[in-house]
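Close look at the chain arrangement
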Amino acid sequence: MISEESITNPIRVKFSASTFYSYSKLLPLPEKLSANYPNLFFDFDVNDSDDKLLKLKENKTDFIIIPREMVPLELDSKLLKKKRYILVGGSEHKKNLTNLTIIDYSKLDPFTDMFFKKIKIKHNPSKERHYINNTLMIPKLIESNIGVAVLDEDHFKQAKKDHTIFNLYPKKYYEIEWAIAWMPRLEMPEYLKKIVDLF
């Protein structure tokens, strides 16, 4: 997808990553690279769906950020810092942890049920849920006490500055190691190496 044009011509790099990973890791990239690569432009495909690997294989994106265990052997990749996931609720949930209603990203996202299984907290997976396909909006819903949600710890700490939300099980968490992945290249241009180095 990335052309081999001279650095004097416009060059476009496309990333596919989750909402919060984009907010915390991708948005700073243009500022960090603009001085040395003024003709480098970015397309940020921000979504929390599970189709990133397919997009990479279909040449619709240049880099993806996905869990380490999802990276196939045929891809090049770099391991990133582990992320810790916790269960977050509002003030009412802090008082009562029974019969919780879940706020989830989509009906097709298995992560929340996997989280409950991994940390051994009982819940009813068939109970109706709220859905919102933007993780940055979830803390506001949690604060209103309509449900609980699984957030990564960095997101929680940032959201806690603006919302009254709580880690409902401070001693329980689930860690995932993430990776940035890309299709193998015979020779990687210097600006792409620099992008990878920034992670």
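Described below are features of the structure shown in this document. All figures in this text were calculated on a predicted structure; none of them were measured in a lab.

Structural notes on helix α8 (residues 190-197)
- For α8, the set of buried residues is Y191, L192, I195 and V196. Buried residues of α8, viewed axially, fall in a sector of 140 degrees; they line one side. Opposite the buried face of α8, at more than 90 degrees from it, the exposed residues are E190 and D197.

So, the packing of aromatic side chains
- Scanning the entire structure with this criterion turns up 7 aromatic pairs.
- Summarising the aromatic geometry, the rings of F42 and F44 are spaced 5.5 Å apart at their centres and angled 25 degrees between planes, so their arrangement reads as stacked.
- Judged by centre distance (5.8 Å) and plane angle (85 degrees), the ring pair of F115 and F116 falls under edge-to-face. You'll find F115 and F116 in the same group, each marked buried.
- By the ring-pair criterion, three or more aromatic residues cluster together here, those being F15, F42, F44, F63, W182 and F199.
- A cation sits over an aromatic face here: R84 above Y173, 3.6 Å from the ring centre.

Remarks on the environment of L53
- Within the secondary structure, L53 is located in helix α3 (residues 52-57).
- According to the relative accessible area criterion, L53 is buried, its value standing at 19%.
- Sequence separation of L53 and S16 is 37 residues, and the distance between their C-alpha atoms is 9.1 Å.
- Excluding residues that lie within four positions of it along the chain, L53 makes contacts with I64, I66, M70, P72 and L75.

Some points on the pattern of salt bridges
- Following the criterion strictly, the structure yields 13 salt bridges and no others.
- Among the salt bridges present, the one from R84 reaches E175, with a minimum N-O distance of 3.4 Å. Taken together, the residues R84 in strand β4 (residues 76-89) and E175 in strand β9 (residues 174-182) connect sequence positions 91 residues apart.
- Overall, the relative accessible area of 28% leaves R84 in the partly exposed class.

Overview of the nonpolar core
- Counting residues in each nonpolar core, the largest one holds 37 residues, and the members touching the most others are V13, F15, L40, F63, L87, I195 and F199.
- If you list the elements that add at least two residues to this core, you get β1 (11-17), α2 (29-33), β2 (40-46), β3 (63-67), β4, α5 (111-119), β9 and α8.
- With 5 residues, the top contributor of residues to this core is β9.
- Judged by nonpolar contacts, the second largest core, of 11 residues, contains I132, I138, I142 and A159.

Thoughts on the pairing of strand β7 (residues 149-152)
- A two-sided burial pattern is seen for β7, the buried positions comprising A149 and L151 on one face and V150 and D152 on the other.
- Taken together, the 4 bridges between β4 and β7 define a ladder with antiparallel strand orientation. If you follow L87 over to β7, its bridge partner there is V150.

Criteria and thresholds
- Residues numbered from 1 in each chain as written.
- Predicted model: local features only at pLDDT ≥ 70, side-chain atom pairs only at ≥ 80, totals over all residues.
- Heavy atoms only, no water.
- Buried < 20%, exposed > 50% of the residue type's maximum accessible area, 1.4 Å probe, protein only.
- Helix = DSSP H or I, 4+ residues; strand = E, 2+ residues; numbered from the N terminus.
- Arc of directions from axis to C-beta.
- Phe/Tyr/Trp six-rings, centres within 6.5 Å; stacked < 30°, edge-to-face > 60°.
- Lys NZ or Arg CZ within 6 Å of the ring centre and 35° of its normal.
- Contact = heavy atoms within 4.5 Å.
- Salt bridge = Lys/Arg side-chain N within 4 Å of Asp/Glu carboxyl O.
- Core = buried A, V, L, I, M, F, W, Y, C linked by side-chain atoms within 4.5 Å.
- Pairing = 2+ DSSP bridges.

Any functional reading would require information beyond the geometric quantities listed.
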